[in-house]
Amino acid sequence: MDRPRIVILGAGVGGTLTANLLAKALPAGAADVTLVDATGLHTYQPGWLYVALDRANAGWLARDVRSLLRDEIDLVIDRAVEIDHAGNRVMLERGGELGYDHLVIATGSHLDEAAVPGFREGANHFYSTAAAERLREALRRFDGGDLVIGVAGLPYKCPVAPLEFAFMVEEQLRKRGLRDRTNIRYLSPINRAFTIETVSTMVEPMLAERGIEVSTFANVETVDPVERRIDTLEGESFHYDLAVLIPQHVGAEVVRKTGLADVQGWLKVDRHTLRVQGTENVYAIGDATDLPISKAGSTAHFEAPVVVEQIVAAITRRAPDEVRSRYGGRVMCFLEVGGGKATMLRFDYDNPPRPPKPSRFWHLAKWGFNRAYWFTLPQGRL
Amino acid sequence: MPTQITTEVDARGSFCPGPLMELIKQVRAAAVDDVIAVLSSDPGSTADIPAWIAKAGHELVDIEREEGYARLIVRKTH
């Protein structure tokens, strides 16, 4: 009998880690593991924030995926253009196709800057390397005025990022002597500064102390680049000299065409098994799913072993471990609050986060993680 | 006749981004007159969600309280 074929789409955190964990867990020669990625580059996305704020250069953010993979994994650098889930095959842009017995979709989230009128012309953001570098230049040129930070599409990855940006840009402007000439306004999509109440209670006094004004129920609907005005879904308008807005995120084009995703292109998955609804042998992890939890690298990190356990069990003809084959909604992230301090959020479907008081320790832990990332997480060492 | 639900989102156990953000996401993506149901196990949602609906000018059709969660039903009006 032919060896079972496992195909993984996407070489971000979820795809790279899944490939490595599978190769490690399966007996030698038990299956073929193939990872497909359009660019062949793995990007450490949390670094964009630091590039935009002039604290790091973009050089350390991307690496050749091959350098992160175990030798037994086949890497195919090509774009998946169609998933034929009835026929168990994936079609590639250059004309090839890959048959599979198990498919893991880790195609992430993608930006749709055109979704919000005026966004492209009027707003900056830090959700790609190029955009983070453009924002860094815009900040270098900025010499005071109205700085507006907001959210122009839901969902978006790393829900704490705009808040971190607000704290850190305030610090930068103070150090540059521009703070007195700048009004900083934070547009929150909901009725408090952050979605998690305990976190909001912690950060609201810190925002007030630093003179960052918070406007609640403010979801960006349009940007007028001529008048420099942001209009919200709730009917308010705000003037800006520099707008830093989170762009609309959507699922990958290849999954939008499968009929297995919602209108924004997020795959409908079982919240515990991560199996794509309507399929027997297709899983999705990371940003690609429609789960109502954070789109974040840590989500993919905690989901990958759950999918690996189910696939390995199927291939080695044993029952999956009841605990390890079930995702409990676990997410973890750091939150920088400026001044060299940070806190940490850890939660799952059943337990809300109880963030510790912001301290130097968690800031250093985040930096340590940033530095250790390339040698630990994609390889499954964390 | 019961209201016809266009989309239902199960946001139970969602602390981040949370049920209200899930609802706003659905409303943004929906067509006018679509009815969205959001399930939330966060006790704050029964106050937060109606407050956003009032500010954004949509219609709160109903709040059904079940054991351990609430089902909030919203019509997109514009």
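A. A look at the pairing of strand β4 (residues 69–75) of chain B. Residues and elements named next belong to chain B. The element β4 is largely enclosed, with a buried count of five among its seven residues. In this sheet, β4 lies alongside strand β2 (residues 35–40) in antiparallel orientation, the contact comprising six bridges. Note that in β4 the partner of V38 across the bridge is L72. Of the strand pairs in this sheet, strand β3 (residues 59–66) and β4 are connected by seven bridges, and their pairing is antiparallel. The partner of E59 across the bridge, within β4, is R75. Counting the residues between successive antiparallel strands, the hairpin from β3 to β4 contains two residues, one of them, G68, with a positive phi of roughly 85 degrees.

B. A look at the packing of aromatic side chains. Residues and elements named next belong to chain A. Under the counting rule described, the total for this entry stands at 13 aromatic pairs over all chains. Ring centres 5.2 Å apart and planes at 20 degrees place the aromatic pair F126 and F165 in the stacked group. With F126 in the loop between α3 (119–122) and α4 (129–141) and F165 in helix α5 (residues 161–175), the pair connects residues that are 39 residues apart, well separated along the chain. As far as burial versus exposure is concerned, F126 and F165 are alike and both buried. Between the aromatic rings of Y327 and Y349, the centroid separation amounts to 5.9 Å while the plane-to-plane angle is 75 degrees, which identifies the pairing as edge-to-face. Taken together, the residues Y327 in the loop between α8 (297–315) and β20 (331–338) and Y349 in the loop between β21 (341–347) and α9 (360–376) connect sequence positions 22 residues apart. Each member of the pair Y327 and Y349 is classed as buried. When the ring centre of Y349 is taken as reference, the NZ or CZ atom of R271 above it lies at 4.7 Å.

C. View of the packing of helix α1 (residues 13–25) of chain A against α8(A). Residues and elements named next belong to chain A. Running from amino to carboxyl end, α1 crosses α8 at an angle of 35 degrees, the nearest separation of the two axes being 8 Å. Considering the relative orientation of α1 and α8, their crossing is right-handed. Counted together, V13, G14, L17, T18, L21, L22 and A25 of α1 and G297, A300, H301, A304, P305, V308, I311 and V312 of α8 form the full contact between these two elements. Across the contact of α1 with α8, the residue classes tally to 11 nonpolar, four polar and no charged.

D. Representation of the pattern of salt bridges. All names here are of chain A. What the rule picks out here adds up to 28 salt bridges over all chains. Put simply, R324 and E309 hold a salt bridge, and the shortest N to O gap is 3.3 Å. With R324 in the loop between α8 and β20 and E309 in helix α8, this residue pair connects regions lying 15 residues apart in the sequence. A network of salt bridges, in which partner residues are shared, links D54, R136, E137 and R140.

Conventions and cut-offs
- Residues numbered from 1 in each chain as written.
- Chains lettered and ligands numbered in written order.
- Predicted model: local features only at pLDDT ≥ 70, side-chain atom pairs only at ≥ 80, totals over all residues.
- Heavy atoms only, no water.
- Buried < 20%, exposed > 50% of the residue type's maximum accessible area, 1.4 Å probe, protein only.
- Helix = DSSP H or I, 4+ residues; strand = E, 2+ residues; numbered from the N terminus.
- Pairing = 2+ DSSP bridges.
- Phe/Tyr/Trp six-rings, centres within 6.5 Å; stacked < 30°, edge-to-face > 60°.
- Lys NZ or Arg CZ within 6 Å of the ring centre and 35° of its normal.
- Axes fitted to C-alpha atoms, helices over the stretch in contact; angles between N-to-C directions.
- Left-handed = near helix turned anticlockwise from the far one by under 90°.
- Contact = heavy atoms within 4.5 Å.
- Nonpolar A, V, L, I, M, F, W, Y, C, P; charged D, E, K, R; others polar.
- Salt bridge = Lys/Arg side-chain N within 4 Å of Asp/Glu carboxyl O.

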